[in-house]
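# Notes for the structure review
Given next are the chains, with one letter for each unit.
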Amino acid sequence: MSLLPILEFPDPRLRKIAGPVSVFDEKLEALIDDMFETMYDAQGIGLAATQVDVHKRLLVIDVSENKDSPLTFINPEFEIIEDELSEYDEGCLSVPGFYETVSRPQRIRVRAQDRAGQAFEMEADGILAVCIQHEIDHLEGKLFVDYLSSLKRQRIRKKLEKEHKKSA
Ligand code: GNR
Ligand code: NI
């Protein structure tokens, strides 16, 4: 297994739209394992393939306290069950150090495939619903900063660009 580098905003590769996963093979299994290792190492609750510069519709999540409930979603789609929005302070491994409130539908139904290609369906609310929507946004090239004012987004971009120059 290996840790994968995580792209950071405003890297233009985070804006690519991911394509469907059609082959369920050992290479995919290895990528999923590396994504979990990378997510746990970074102490994240989710990671989309886009963030590790793989533009395929694949994400991993673990919102459990003990980090013992890994969930893999391949080719995920969701529908809103409850139109009501709820607010959550979101962060992102691709926007390190920044947390801002985002409103999203609070209950969703997700359809996806697991690592064996088997289709499944589940309902989600709370932090899991937030995380799934945040990750599916990544697959569409979208980041949580896109929900903020352009002023806030620009401030975050400038601070991160400065950080990137320092460490370059
Ligand atoms: O680790 C993460 N925490 C988080 C907190 C609130 C809302 C969403 C998230 S997802 C984030 C990991 C990440 O960047 N996934 O794309
Ligand atoms: Ni993110």
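Now for a look at the structure at hand. (Residues numbered from 1 in each chain as written. Chains lettered and ligands numbered in written order. Predicted model: local features only at pLDDT ≥ 70, side-chain atom pairs only at ≥ 80, totals over all residues. Heavy atoms only, no water.)

### Thoughts on the coordination of the nickel ion (ligand 2)
Any two of four tetrahedral donors ideally make an angle of 109.5 degrees at the metal, while pairs among six octahedral donors ideally make 90 or 180 degrees. Put simply, the test is: Sites may look incomplete because water is not among the atoms; the donors themselves are N, O and S atoms within 2.8 Å of the metal, or within 3.2 Å for Na, K and Ca. Only DSSP runs of H or I with at least four residues qualify as helices, and only runs of E with at least two residues qualify as strands; both kinds are numbered from the N terminus onward.
Taken together, the protein ligands of the nickel ion (ligand 2) are Cys92 (SG), His134 (NE2) and His138 (NE2), with distances of 2.1 to 2.3 Å. Coordination of the nickel ion (ligand 2) draws on donor residues from a single chain, spaced C-x41-H-x3-H in sequence. On the criterion of sequence distance, the pair formed by Cys92 in the loop between strand S3 (71–90) and strand S4 (100–113) and His138 in helix H2 (residues 126–139) is long-range, its members being 46 residues apart.

### Remarks on the packing of aromatic side chains
We count it as follows: Aromatic contacts are taken between Phe, Tyr and Trp rings whose centres are within 6.5 Å, Trp giving its six-membered ring; a plane angle under 30 degrees counts as stacked, one over 60 as edge-to-face, and the others as tilted. Accessibility here uses a 1.4 Å probe with only protein chains present; expressed as a share of the type maximum, an area under 20% marks a residue as buried, one over 50% as exposed, and anything in between as partly exposed.
For the coordinates displayed, the defined rule picks out two aromatic pairs. Look at Phe36 and Tyr40: their rings are 6.0 Å apart centre to centre, the planes differ by 20 degrees, and that puts the pair in the stacked class. Here the residue Phe36 and the residue Tyr40 both occupy positions in helix H1 (residues 26–41), the gap between them amounting to four residues, near one helical turn. You can call Phe36 buried: its relative accessible area is 9%. On the accessibility criterion, Tyr40 (29% relative accessible area) is partly exposed. Pairing Phe73 with Phe120 gives two aromatic rings, centres 5.7 Å apart and planes at 45 degrees, and the pair type is tilted. Here Phe73 is found in strand S3, whereas its partner Phe120 is found in strand S5 (residues 119–125), with 47 residues between them in sequence. The exposure class assigned to Phe73 is buried, which follows from its relative accessible area of 1%.

### Topic: the site of ligand 1
Stated formally: For each residue, the test is whether any non-hydrogen atom lies within 4 Å of the molecule or strand; if one does, the residue is near. Residues adjacent in sequence count toward polar contacts only when both atoms are side-chain atoms; beyond that, a polar contact is any pair of N or O atoms within 3.5 Å, and within protein one must be able to donate a hydrogen and the other to accept it. Note on areas: these come from Shrake-Rupley sampling with a 1.4 Å probe, and a residue is covered only by the protein chains present in the view. Residues are grouped as follows: nonpolar covers Ala, Val, Leu, Ile, Met, Phe, Trp, Tyr, Cys and Pro; charged covers Asp, Glu, Lys and Arg; every other residue, Gly included, is treated as polar.
Near ligand 1 you find 14 residues, and of these Ile45, Gln51, Leu93, Glu135 and His138 are the closest. One of the side-chain N or O atoms of Gln51 is found 2.8 Å from an oxygen atom in ligand 1. When isolated, ligand 1 has an accessible area of 380 Å², and the protein chains bury 92% of it. When contributions to the shell around ligand 1 are tallied by element, the ones reaching two or more residues are S3 and H2. Looking at which element gives the most residues to the shell around ligand 1, the answer is H2, with four residues. Grouping the amino acids of the shell around ligand 1 by side-chain chemistry returns five nonpolar, six polar and three charged.

### Focus: the sheet that holds strand S2 (residues 58–61)
As a reminder of what qualifies: Two strands form a pair only when DSSP identifies at least two bridges running between them. Note on method: axes are straight lines fitted to C-alpha atoms, helices fitted across the in-contact stretch only, with angles between N-to-C directions ranging 0 to 180 degrees. Any two residues whose heavy atoms approach within 4.5 Å are treated as being in contact.
An order of S1-S2-S3-S4-S5 is seen for the five strands of this open sheet, with the pairing classed as antiparallel. Edge positions in the open sheet fall to strand S1 (46–48) and S5, since each of these has one partner strand only. The mean inter-strand angle of the sheet, taken between neighbouring strand axes irrespective of direction, is 30 degrees. Bridge analysis of S2 against S3 gives four bridges, and the strand direction is antiparallel. Looking at S3, one finds that Ile61 is bridged to Leu71. In the packing of H1 onto the sheet, contacts are made with S1, S2 and S3, and the angle to S2 comes to roughly 40 degrees.

Such coordinate-based values are descriptive only and should not be taken to indicate function.
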